[in-house]
Amino acid sequence: MSEDKKKVLRRLKTVEGHVRAVARMIEEDKYCIDIIHQTQAIKRAIDKVEEEILGRHLAGCVTTAIRSNDEGERERVIGELMALFKTNNKI
């Protein structure tokens, strides 16, 4: 398993732990603002996972497609990226 993949999986396990902690906080009627702080941390952690995956995709799949002689493949990956930016303009 590559180091990049291990890094993403570690981040996801951290997110999983945070989600469990938030569930416990809700079960224990913890202070709402404390719960929200934890859910915000989960969102940031998911954003980091997405950044890692997108970086790998750009360095691998997209670079290969752009260097390819297949114009359709180049257009396809560019279209995927444009769709990603349109649906989630924060990346």
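Everything quoted here is computed from the prediction, not taken from an experiment.

Draft legend 1. Main features of the nonpolar core. Val15, Val22, Met25, Ile35, Ile42 and Ala45 form the largest nonpolar core, which has six residues in total. Contributing elements (two or more residues each) for this core: helix H1 (3-27) and helix H2 (32-67). Look past the residues within four positions of valine 15 in its chain and what remains in contact with it is Ile42, Ala45 and Ile46. If you look at the next biggest cluster of nonpolar residues, it comprises five residues, including Val62, Ala65, Val77 and Leu81.

Draft legend 2. View of the environment of cysteine 61. Within the element layout of this structure, cysteine 61 appears in helix H2. We classify cysteine 61 as partly exposed; its relative accessible area is 47%.

Draft legend 3. The arrangement of a nonpolar patch on the surface in detail. Taken together, the side chains of Met1, Leu9, Leu12 and Ile46 make up a nonpolar region of the molecular surface, amounting to roughly 360 Å² of accessible area. With respect to the helices, strands and loops of the structure, isoleucine 46 is situated in helix H2. The class of isoleucine 46 is partly exposed, set by a relative accessible area of 32%.

Draft legend 4. View of the pattern of salt bridges. Using the criterion set out here, one finds seven salt bridges in the structure. Residues glutamate 16 and arginine 20 are paired through a salt bridge, measuring 2.9 Å at the closest nitrogen-oxygen approach. Separated by four residues within a single helix, glutamate 16 and arginine 20 lie in helix H1, roughly one turn from each other. For glutamate 16, a relative accessible area of 37% corresponds to the partly exposed category.

Rules used throughout
- Residues numbered from 1 in each chain as written.
- Predicted model: local features only at pLDDT ≥ 70, side-chain atom pairs only at ≥ 80, totals over all residues.
- Heavy atoms only, no water.
- Core = buried A, V, L, I, M, F, W, Y, C linked by side-chain atoms within 4.5 Å.
- Buried < 20%, exposed > 50% of the residue type's maximum accessible area, 1.4 Å probe, protein only.
- Helix = DSSP H or I, 4+ residues; strand = E, 2+ residues; numbered from the N terminus.
- Contact = heavy atoms within 4.5 Å.
- Patch = residues over 30% accessible without salt bridge, like charges linked within 9 Å, V, L, I, M, F, W, Y side chains within 5 Å.
- Areas by Shrake-Rupley, 256 points an atom, 1.4 Å probe, with all protein chains shown as cover.
- Salt bridge = Lys/Arg side-chain N within 4 Å of Asp/Glu carboxyl O.

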